Amino acid sequence: MTILEFNRHSGEGSELNDRWLSYCAFHLGDYKRALEEYERMLKKNPTDASLWLSSACCLFFLGMYTEAKDAAEKAPECPLQTIILFHLSHKFSDEKLLMSYHSQLQDHIEDQLSLASIHYLRSHYQEAIDIYKRILLDNREYLALNVYVAMCYYKLDYYDVSQEVLAVYLQQHTDSVIAVNLKACNHFKLYNGKAAEAELKSLQDISSSSFTFGCDLIRHNLVVFRGGEGALQVLPPLIDVIPEARLNLVIYYLKQDDVQEAYNLIKDLEPTTPQEYILKGVVNAALGQDQGSDNTAEGREHLKIAQQYFQLVGGSASESDTIPGRQCMASCFFLLKQFEDVLIYLNSVKSYFYNDDMFNFNYAQAKAAVGNYKEAEEVFLLIQSEKVKSDYIYVSWLARTYIMNRKSRHAWELYLKMETSSESFSLLQLIANDCYKMGQFFYAAKAFDVLERLDPNPEYWEGKRGACVGLFQLIIAGHEPKETLRDIIQILRNTANPQVEFIIRIMKKWAKENKVIV
């Protein structure tokens, strides 16, 4: 480009020089500069069909789809015009027009590559792979097709295969921004963010303007590799540049528990890919459950929308046998409270998520909901995240599993670790009622005793009285240590009720007869 610009400024410019200048700008990714050159030439030759088609290509890559369509239609019918309008009909979501141009494609390499790209954009990755492989059989020198095949395998979650195919291209082009970035993404999926970031080090020094898109891509992916670090600085300006930027910013807001901001960012997005459907489902589910809003009409509507999105993805032919697809069906049944079905799907993918705290959180809840408390307790205790472990839902479910597994003391210790709040009051109620139901009367009595002191509700006295009498019966039957009687009498004395003295008198009489010190 430097030589071509020199020729222009030194008086040796020509139409051919201008065409090469615009060609170079286009292939360097500077579509705005290329468009300016084509528009300059069109002022001199407004009937030149090739210039209109070249302008249409620039406008397409600049995201100016309506203008690209107008420019392309000013040229006579030809294979390039068909390809441009084929891609534009996909952008406009015009299925009828898309099929019309599809039928006009021929068995030329350019047409087949365009068809493969549309398959890719419509998430038909295997169809795209088939076309690329067919072309590669006769044209092994088209090394870049290996990158496209690798991208398809990446989308299909075959990260090892993607790496193998990508290596063919990287052996010849070690500094390719797209290829190295894809390799880093594979490392992120196969290993972790640090391994992925290490792969990008070779590209981070590139500062040329010709690599603007590549730099944006790298900056975006570094945020993902670093677990969201710098998300608010990097992602917002990229929302209209990189499609995934909006989705990753939504994920960031969800991780920060800013559900409303996540919803605001995604509510107007019309989902077209499984990832977009899944994320909209997650956001609606979070909003429906947030702050107890699932008890409101609006909350129930969000949960219904979430359930429909999950079912749509999990039930689709392309996703039903994938890990995300099965997770979606599990989520759908979870919202419907059909936990037997939840476990069918979670059991099929649990080997992939042994150390995943959120998976284990949902898996343990489903186990407990169907009464499998022993395994539920084991899974709950696998969770390491302090954020999850401090969540009341986790604490209350773990307390219930302890009680159902006859470990009421552990449940009581969970209560003792909590600060006084509405949640600790709710946990007390759970411990009192579940322990009573399971015949673990000592901790039922302790819980009802605290509840009664916090709220003098007659029901709490009745619960405490029943638990104390129940424990007394167990002591008489030899199923509880006699020394426990002293604690029970003390608990009863915390209540100013005429029945207390009568019950204590009977207990003391038995204690005297059985030589138990109270």
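Preceding this section is the structure that the text describes.
This structure is a prediction, so every number in the text was calculated from the model and none was measured.

Helix and strand counts for the protein chain stand at 31 helices and 0 strands. Its C-alpha atoms give the protein chain a radius of gyration of 33 Å, more than 25% over the compact-globule value 24 Å for 518 residues. For the protein chain, the computed accessible surface area is about 28500 Å², with 52% contributed by carbon and sulfur atoms. In the protein chain, 53 positive and 68 negative side-chain charges are present, and the distance between their average locations comes to 10 Å.

Let us now look at the pattern of salt bridges. Applying the stated criterion to the full structure yields 21 salt bridges. Its salt-bridge partner being Arg 33, residue Glu 37 comes within 3.1 Å of it at the nearest N-O pair. Of this pair, Glu 37 and Arg 33 both sit in helix H3 (residues 31-44), 4 residues apart, which is roughly one turn of the helix. Across the pair, Arg 33 and Glu 37 agree in class, each one buried. For Lys 464, the salt bridge identified is with Glu 452, shortest N-O distance 2.8 Å. Of this pair, Lys 464 sits in helix H29 (residues 458-476) while Glu 452 is found in helix H28 (residues 441-454), placing the two residues 12 residues apart along the sequence. For the pair formed by Lys 464 and Glu 452, the shared burial category is buried.

Together, Leu 16, Trp 20 and Tyr 23 give the surface a local cluster of nonpolar side chains, amounting to about 350 Å² of exposed area. Assignment of secondary structure puts Tyr 23 in helix H2 (residues 15-27). For Tyr 23, a relative accessible area of 41% gives the class partly exposed.

Among the nonpolar cores identified, the biggest contains 65 residues, and Ile 431, Leu 492 and Met 507 are the most heavily contacted of them. In terms of residue count, H28 provides more of this core than any other element does, 9 residues in total. Every residue in contact with Ile 431, bar those within four places of it in the chain, is listed here: Ile 403, Ala 411, Trp 412, Tyr 415, Tyr 443 and Ala 447.

Taken N-terminus to C-terminus, the directions of helix H23 (residues 373-380) and helix H25 (residues 392-404) make an angle of 135°; their axes are 9 Å apart at the nearest point. Put simply, H23 runs oblique to H25. Here H23 and H25 pass one another in a crossing that is left-handed. The residues of H25 that touch H23, namely those facing Tyr 373, Ala 376, Glu 377 and Phe 380, are Tyr 394, Trp 397, Leu 398, Arg 400, Thr 401, Tyr 402 and Met 404. Its residues placed into classes, the contact of H23 with H25 shows 8 nonpolar, 1 polar and 2 charged.

The next subject is unusual backbone geometry. Its identity as a non-glycine residue notwithstanding, Asp 157 has a phi of 70°, on the positive side. Mapped onto the secondary structure, Asp 157 falls in the loop between helix H10 (144-155) and helix H11 (159-170). Asp 157 gets classed as partly exposed once you look at its relative accessible area, which sits at 34%. The backbone of Asp 257 sits at a positive phi, close to 65°, despite the residue not being glycine.

Moving on, we come to the layout of surface pockets. Here the second largest pocket defines a volume of roughly 210 Å³. The wall of the second largest pocket is formed by 14 residues, among which Lys 389, Ser 390, Val 395, Leu 414 and Lys 417 lie closest to the centre. The element contributing the most residues to the lining of the second largest pocket is H25, with 4 residues. Residue composition of the lining of the second largest pocket, by class: 9 nonpolar, 1 polar and 4 charged.

Our focus in this paragraph is the packing of aromatic side chains. With the rule as written, the count across this model stands at 26 aromatic pairs. On the numbers, 6.4 Å between centres and 75° between planes, the contact of Phe 425 with Tyr 460 is edge-to-face. Separated by 35 residues along the polypeptide, Phe 425 in helix H27 (residues 422-437) and Tyr 460 in helix H29 bring together distant segments of the chain. Relative to Tyr 443, the ring of Phe 442 has its centre 5.1 Å away and its plane inclined at 80°; by these criteria the two rings are edge-to-face.

With that settled, consider the packing of helix H22 (residues 357-369) against H25. A packed helix pair is summarised by two numbers, namely the angle formed by the two axes and the spacing between the axes. Relative to each other, H22 and H25 sit at 40°, their axes nearing to 11 Å. Between H22 and H25, the angle is such that the two are oblique. Once H22 is placed against H25, the crossing between them reads as left-handed. Taking contact as the criterion, the partners of Phe 361, Gln 365, Ala 368 and Ala 369 in H22 are, on H25, Ile 393, Tyr 394, Trp 397 and Thr 401. Taken together, the residues of the contact of H22 with H25 break down into 6 nonpolar, 2 polar and no charged.

Further remarks concern the environment of Ser 331. Mapped onto the elements of the fold, Ser 331 is located in helix H20 (residues 323-335). As a C-alpha pair, Ser 331 and Leu 428 span 97 residues in sequence and 29 Å in three-dimensional space.

Taking 1.5 Å per residue as the helical rise, H20 with its 13 residues ought to reach 18 Å, and the 19 Å between its terminal C-alpha atoms agrees with that figure. Listed as buried for H20 are Gly 325, Cys 328, Met 329, Ala 330, Cys 332 and Phe 333. The inward-facing, buried residues of H20 contact helix H18 (274-289), helix H19 (297-314) and helix H21 (339-349). Two or three places before Gly 325, at the start of H20, stands the capping residue Thr 322, its side-chain oxygen 3.0 Å from that residue's backbone nitrogen. Following H20 by one or two positions, Lys 337 has its phi on the positive side, about 60°.

Another aspect to go through is the environment of Ala 49. Considering the arrangement of structural elements, one finds Ala 49 in helix H4 (residues 49-61). Given the relative accessible area of 22%, Ala 49 is considered partly exposed. Placed 387 residues apart in sequence, Ala 49 and Tyr 436 show a C-alpha to C-alpha distance of 85 Å. Ala 49 has contacts with Ala 75 and Pro 76, leaving out every residue within four places of it along the chain.

Here the focus is the state of the cysteines. Linking two cysteines covalently through their sulfur atoms gives a disulfide. This model, assessed by the stated rule, comprises 0 disulfides. Left without a disulfide partner, Cys 185 is nearest to the cysteine sulfur of Cys 152, which lies 15 Å away. The buried category is assigned to Cys 185, whose relative accessible area is 12%. Of all cysteine sulfurs in the structure, the one in Cys 435 sits closest to Cys 468, which takes part in no disulfide; the separation is 13 Å. With a relative accessible area of 0%, Cys 468 lands in the buried category.

Parameters and conventions
- Residues numbered from 1 in each chain as written.
- Predicted model: local features only at pLDDT ≥ 70, side-chain atom pairs only at ≥ 80, totals over all residues.
- Heavy atoms only, no water.
- Helix = DSSP H or I, 4+ residues; strand = E, 2+ residues; numbered from the N terminus.
- Rg over C-alpha atoms; globule rule 2.2 N^0.38 Å.
- Areas by Shrake-Rupley, 256 points an atom, 1.4 Å probe, with all protein chains shown as cover.
- Lys, Arg positive; Asp, Glu negative; His and termini not counted.
- Charge placed at Lys NZ, Arg CZ, Asp CG, Glu CD.
- Salt bridge = Lys/Arg side-chain N within 4 Å of Asp/Glu carboxyl O.
- Buried < 20%, exposed > 50% of the residue type's maximum accessible area, 1.4 Å probe, protein only.
- Patch = residues over 30% accessible without salt bridge, like charges linked within 9 Å, V, L, I, M, F, W, Y side chains within 5 Å.
- Core = buried A, V, L, I, M, F, W, Y, C linked by side-chain atoms within 4.5 Å.
- Contact = heavy atoms within 4.5 Å.
- Axes fitted to C-alpha atoms, helices over the stretch in contact; angles between N-to-C directions.
- Parallel < 35°, antiparallel > 145°, perpendicular 65-115°, else oblique.
- Left-handed = near helix turned anticlockwise from the far one by under 90°.
- Nonpolar A, V, L, I, M, F, W, Y, C, P; charged D, E, K, R; others polar.
- 1 Å grid on protein atoms, 1.4 Å probe; cavity = no way out; pocket = protein on both sides within 12 Å on 5 of 7 lines; lining within 4 Å.
- Points joined across faces, edges and corners; volume = space filled by probe spheres on them.
- Phe/Tyr/Trp six-rings, centres within 6.5 Å; stacked < 30°, edge-to-face > 60°.
- Expected span 1.5 Å × (residues − 1).
- Polar contact = N/O pair within 3.5 Å; in protein donor to acceptor, adjacent residues only side chain to side chain.
- Disulfide = S-S within 2.5 Å.

Taken by themselves, the reported measurements are silent on function.
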